[in-house]
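The lines below spell out each chain.
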Amino acid sequence: MVLSKLLKADRETQLEWLKSQLTDEANEQDTDIITYIHIRAWDEPLGAFIHFDQSRLDDMLGYPEAYDLGESIQNSLPDVSNQRAKAINAGSKLTPAEREVAVAIFEEGQADSDAWISCSGFTLKVDTGASIYIAFSGASLGQGGIDYAFYGLFSNSEAAINYFSKQGDNWFDI
């Protein structure tokens, strides 16, 4: 199959092509093809993206005392007094600067969570001498690693990064 057509093919067609390309290597490793492909998913980590949960931000802004939002804002904005921090926790309307800090605090908390989608893969040289990037994405399993699944084929890792970096609200390079 011509690589340009393969890159445009649906995921199932791409995966079947990939299996046909790696079957011999899997057999040499004495493993089934799906297991071998999943092992290879870890070869070249790219980064991760995250979708920020607007409902969690709304909850934090709606119930500031539960999050001690006033003190958190005070830690970032030195000109916020103790009295103002208490007023924020009591539900006082935030100034634009305070709201900006509150959103940044929320985003930092989300980025530190396991809510991101990791992206990885490997480069495969094909019989024509060209190469193609095999991409995977998956959610964090905490200490259990990442639940990678085949995502698709890209012309190279830069094209995969370009695509994945636009999928969420924030991209983190690895």
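Residues numbered from 1 in each chain as written. Predicted model: local features only at pLDDT ≥ 70, side-chain atom pairs only at ≥ 80, totals over all residues. Heavy atoms only, no water.

Asker: I'd love a proper account of the overall build of the chain, names of residues and values included.
Answerer: Along the backbone of the chain there are 9 helices and 5 strands. The linear arrangement of helices and strands in the chain, starting from the amino end, is α-α-α-β-α-α-α-α-α-β-β-β-α-β. Here the C-alpha radius of gyration of the chain, 22 Å, is well above what a compact globule of 174 residues would show, namely 16 Å. In terms of overall dimensions, the chain has a C-alpha envelope of 70 × 30 × 25 Å along the principal axes. For the chain, the accessible area works out to roughly 10,300 Å², and carbon and sulfur atoms hold 48% of it. Between the mean site of the 12 positive side-chain charges and the mean site of the 28 negative ones, the chain shows a separation of 7 Å. (Helix = DSSP H or I, 4+ residues; strand = E, 2+ residues; numbered from the N terminus. Rg over C-alpha atoms; globule rule 2.2 N^0.38 Å. Areas by Shrake-Rupley, 256 points an atom, 1.4 Å probe, with all protein chains shown as cover. Lys, Arg positive; Asp, Glu negative; His and termini not counted. Charge placed at Lys NZ, Arg CZ, Asp CG, Glu CD.)

Asker: I'd love a proper account of the packing of helix α2 (residues 11–28) against helix α3 (residues 33–40), names of residues and values included.
Answerer: Direction vectors running N to C along α2 and α3 enclose 95 degrees, while the axes themselves pass 9 Å from each other. The angle between the axes of α2 and α3 places the two elements in the roughly perpendicular class. Along its contact with α2, which presents Leu15, Leu18, Lys19, Leu22, Thr23, Glu25 and Ala26, the element α3 presents Ile33, Ile34, Tyr36, Ile37 and Arg40. Residues belonging to the contact of α2 with α3 are distributed by class as follows: 8 nonpolar, 1 polar and 3 charged. (Axes fitted to C-alpha atoms, helices over the stretch in contact; angles between N-to-C directions. Parallel < 35°, antiparallel > 145°, perpendicular 65-115°, else oblique. Contact = heavy atoms within 4.5 Å. Nonpolar A, V, L, I, M, F, W, Y, C, P; charged D, E, K, R; others polar.)

Asker: So what about the pairing of strand β2 (residues 116–125)? Which residues, and what values?
Answerer: Pairing geometry for strand β1 (residues 47–50) and β2, over 4 bridges, is antiparallel. Within β2, the position partnered with Phe49 by the bridge is Ile117. Hairpin connection, β2 to strand β3 (residues 131–140): the antiparallel pair is bridged by 5 residues, and Gly129 has positive phi, about 95 degrees. (Pairing = 2+ DSSP bridges.)

Asker: Tell me about the nonpolar core, residues and numbers included.
Answerer: Ranked by size, the top nonpolar core spans 19 residues in total, and within it Trp17, Leu18, Leu22, Leu124, Ile132, Ile134 and Phe136 carry the most contacts. When residues no more than four places from it in sequence are discounted, the contact partners of Ile132 are Leu3, Leu6, Leu7, Trp17, Phe122, Thr123, Leu124, Val126, Leu153, Phe154 and Ser155. If you look at the next biggest cluster of nonpolar residues, it comprises 13 residues, including Phe52, Met60, Ile88 and Val101. (Core = buried A, V, L, I, M, F, W, Y, C linked by side-chain atoms within 4.5 Å. Buried < 20%, exposed > 50% of the residue type's maximum accessible area, 1.4 Å probe, protein only.)

Asker: How would you summarise unusual backbone geometry if you had to cite specific residues and measurements?
Answerer: Of note, Asp30 is a non-glycine position whose phi angle comes to about 60 degrees, a positive value. Within the secondary structure, Asp30 sits in the loop between α2 and α3. Taking the relative accessible area as the measure of exposure, Asp30 reaches 73% and is therefore exposed. Unlike most non-glycine residues, Asp68 shows phi in positive territory, near 50 degrees.

Asker: Tell me what's going on with the environment of Asp58, and back it up with residues and numbers.
Answerer: For Asp58, the location among the structural elements is in helix α4 (residues 54–62). The exposure class of Asp58 is partly exposed, given its relative accessible area of 44%. The sequence separation of Asp58 and Pro45 amounts to 13 residues, and the corresponding C-alpha distance is 33 Å.

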